[in-house]
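Here is what each chain is made of, one letter per residue.
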Amino acid sequence: RAFDLVLGSIILLICTPLMGVVALAVKFGSPGPVMFVHKRIGQGGEAFDCYKFRTMHLNNEEILRQYLASNPAAEEEQKKYAKLKGHDPRVTRSGRFLRKFSLDELPQLFNVIKGEMSLVGPRPYLPRERLRMGSSAEVILETRPGITGLWQVGGRNEIDFEGRLHLDSWYVRNWS
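Keep in mind that what you see is a predicted model, and the values were worked out from it rather than measured.

Asks: So what exactly am I meant to see when it comes to the nonpolar core here?
Replies: The nonpolar side chains of a soluble globular protein tend to be buried, and buried together. The biggest cluster of nonpolar side chains holds 17 residues, and the ones touching the most others in it are Phe 53 and Leu 106. Contributions of two or more residues to this core are made by α1 (2-29), β2 (47-53) and α5 (108-114). The residues contacting Leu 106, other than those within four sequence positions of it, are Cys 15, Leu 18, Met 19 and Phe 53. By size, the runner-up hydrophobic cluster in this structure holds eight residues, among which are Ile 41, Tyr 125, Ala 137 and Ile 140.

Written as structure tokens, this is what we have:
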């Protein structure tokens with residue numbers, strides 16, 4: 001925890017000017033709020049508000065529904081990976097850039113300072129993914145989720161949902 005607080009505070013201080021630039025890019029890139037706050041499952045299964053820069057259009061659910069209805073391959077991709085790996089019509093132009101360089105996740109440094117997340121750990125899963133996590137949830141939820149972790153650096157978009165669970169579980173059992 002001390003490591004997270006010290007290093008997280010230093011990184012936050014250094015990244016503050018960059019976060020200001022990113023906030024302006026989001027604000028002027030599409031209408032809507034700069035921040036996206038979403039419930040995630042944290043340590044012990046407790047829900048918390050995870051902060052990110054907004055990378056999607058405000059009507060993203062409708063855009064996704066229409067896209068999946070007309071694109072069966074994308075629907076299969078969504079089921080397998082729990083996200084769209086390739087083209088995602090919900091993502092704004094600035095959002096594509098932010099996601100490519102993981103700049104959308106910088107606000108999660110506030111989650112680290114608050115003690116809800118760690119700098120390194122398993123990904124913060126969505127509440128709707130809890131059942132799909134199966135028995136892996138018991139292991140993964142033993143520790144704080146991280147901004148980055150084994151699956152993010154070990155394959156990111158190339159690893160399916162089951163593969164992520166395996167890597168996150170392995171990390172908690174062997175490195176945490």
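Asks: Help me understand the layout of surface pockets in this model?
Replies: If you roll a probe as big as a water molecule over the atoms, it shows you where there is empty space left. Empty space within the largest pocket amounts to approximately 1,200 Å³. Taken together, 42 residues make up the lining of the largest pocket; nearest its centre are Lys 52, Thr 55, Met 56, Lys 83 and Arg 99. Taken together, the elements giving at least two residues each to the lining of the largest pocket come down to β1 (35-41), β2, α2 (60-69), α4 (93-100), β4 (146-148) and α8 (150-154). If you tally residues by element for the lining of the largest pocket, the top one is α2, at four residues. Of the residues contributing to the lining of the largest pocket, the split by class is 13 nonpolar, 11 polar and 18 charged.

Asks: Help me understand the packing of α2 against helix α3 (residues 72-81) in this model?
Replies: The axes of two packed helices give the description: the angle between them and the distance between them. Following both chains from N to C, one finds α2 and α3 inclined at 120°, their axes separated by 6 Å at the closest point. The angle between α2 and α3 places the two elements in the oblique class. Residue-level inspection shows Leu 64, Tyr 67 and Leu 68 of α2 in contact with α3, the latter providing Pro 72, Ala 74, Glu 75 and Gln 78.

Asks: What exactly am I supposed to notice about the pairing of β2 here?
Replies: Every other side chain in a regular strand lies on the same face of the sheet, so the side chains alternate between the two faces. Of all seven residues that make up β2, five are buried, and the element is covered over most of its length. Direction of pairing for β1 relative to β2: antiparallel, over a ladder of seven bridges. By the bridge assignment for β2, Val 37 is matched with Tyr 51. In this antiparallel pair of consecutive strands, β1 and β2, the connection spans five residues, and Gly 44 shows a positive phi of 75°.

Parameters and conventions
Residues numbered from 1 in each chain as written. Predicted model: local features only at pLDDT ≥ 70, side-chain atom pairs only at ≥ 80, totals over all residues. Heavy atoms only, no water. Core = buried A, V, L, I, M, F, W, Y, C linked by side-chain atoms within 4.5 Å. Buried < 20%, exposed > 50% of the residue type's maximum accessible area, 1.4 Å probe, protein only. Helix = DSSP H or I, 4+ residues; strand = E, 2+ residues; numbered from the N terminus. Contact = heavy atoms within 4.5 Å. 1 Å grid on protein atoms, 1.4 Å probe; cavity = no way out; pocket = protein on both sides within 12 Å on 5 of 7 lines; lining within 4 Å. Points joined across faces, edges and corners; volume = space filled by probe spheres on them. Nonpolar A, V, L, I, M, F, W, Y, C, P; charged D, E, K, R; others polar. Axes fitted to C-alpha atoms, helices over the stretch in contact; angles between N-to-C directions. Parallel < 35°, antiparallel > 145°, perpendicular 65-115°, else oblique. Pairing = 2+ DSSP bridges.

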